[in-house]
Amino acid sequence: MSTINLHRVTSATPEQYVAALTDFGPGRSKIFGNSADEYLLVHHKGVSQADVTEGSAGIWERLHYDWSDPNRIVLTTTDSNVWGGASGHIYTFNCKTDGTTDIDVVVVREGKNLRGRLLGFVLGTIGRRVLEKAFEVSVKAVEARNNKVERLDAGYSKLAA
């Protein structure tokens, strides 16, 4: 089993990051590269929970999303072709006084078969950099998405004035 801890500071608010993380529409892979559109299947989405299958490159998992706590979102793997046991992700958000947000992510990968155990080992060693890069890309994409919305809102406000 591999446990990987990731950390980033972002200008995005927890609400903005959670909104992106729980947007299961087309184009999700532009923000979260390991969630290819062709794998994406939303079984159920409620106000603060979802049941979603996603993946990429031959690896898929069904995840239970719980964002009922505004400062923490928990993704629990309920089925997968490689992951089992305690696999999942926990995102924790901490708003700082300077307006930025600390995001801490714990990724747990417990292989349920030989392929999963090998992938878990690789992720826990040299593959950690791949997860770090993917997380960094997602944080930057969420920031860009929100900056674009803010610019559009500012432009609309000028037109309305």
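The coordinates are above.
Residues numbered from 1 in each chain as written. Predicted model: local features only at pLDDT ≥ 70, side-chain atom pairs only at ≥ 80, totals over all residues. Heavy atoms only, no water.

**Focus on the sheet that holds strand β7 (residues 101-109)**
(1) Moving on: Read from one edge of the open sheet, seven strands run β1-β7-β6-β5-β4-β3-β2, paired in antiparallel fashion. One side of each edge strand has no neighbouring strand; the edge strands of this open sheet are β1 (2-10) and β2 (41-45). Each neighbouring strand pair of the sheet contributes to a mean axis angle of 20 degrees, computed without reference to strand direction.
(2) Moving on: Pairing geometry for β2 and strand β3 (residues 49-56), over four bridges, is antiparallel. Opposite H44, over in β3, you have D51 as the bridge partner. (Pairing = 2+ DSSP bridges. Helix = DSSP H or I, 4+ residues; strand = E, 2+ residues; numbered from the N terminus. Axes fitted to C-alpha atoms, helices over the stretch in contact; angles between N-to-C directions.)

**Things to note about the layout of surface pockets**
(1) Moving on: The volume enclosed by the largest pocket comes to roughly 750 Å³.
(2) Moving on: Around the largest pocket, the lining is made up of 34 residues, and of these N34, E61, H89, R109 and L131 lie nearest the centre.
(3) Moving on: Breaking the lining of the largest pocket down by element, the ones donating at least two residues are α1 (14-21), β3, β4 (59-69), β6 (88-95), β7, α2 (114-124) and α3 (128-160).
(4) Moving on: Considered class by class, the residues forming the lining of the largest pocket number 22 nonpolar, eight polar and four charged. (1 Å grid on protein atoms, 1.4 Å probe; cavity = no way out; pocket = protein on both sides within 12 Å on 5 of 7 lines; lining within 4 Å. Points joined across faces, edges and corners; volume = space filled by probe spheres on them. Nonpolar A, V, L, I, M, F, W, Y, C, P; charged D, E, K, R; others polar.)

**What to know about the pairing of β6**
(1) Moving on: Taken together, the five bridges between strand β5 (residues 72-80) and β6 define a ladder with antiparallel strand orientation. Within β6, the position partnered with V74 by the bridge is I90.
(2) Moving on: Here β6 runs beside β7; their pairing, made up of eight bridges, is antiparallel. Following the sheet pairing, G88 is matched in β7 by V108.

**A word on the packing of aromatic side chains**
(1) Moving on: A full pass over the atoms with the stated rule returns four aromatic pairs.
(2) Moving on: Ring geometry for Y17 and F32: centres 6.2 Å apart, planes at 90 degrees, overall edge-to-face. A residue pair is termed long-range when its members are at least 10 positions apart, and Y17 in helix α1 and F32 in the loop between α1 and β2 qualify at 15 residues. Here Y17 matches F32 in class, with each residue buried.
(3) Moving on: Look at Y17 and Y91: their rings are 5.9 Å apart centre to centre, the planes differ by 40 degrees, and that puts the pair in the tilted class. (Phe/Tyr/Trp six-rings, centres within 6.5 Å; stacked < 30°, edge-to-face > 60°. Buried < 20%, exposed > 50% of the residue type's maximum accessible area, 1.4 Å probe, protein only.)

None of the figures reported here should be taken as evidence of function without further support.
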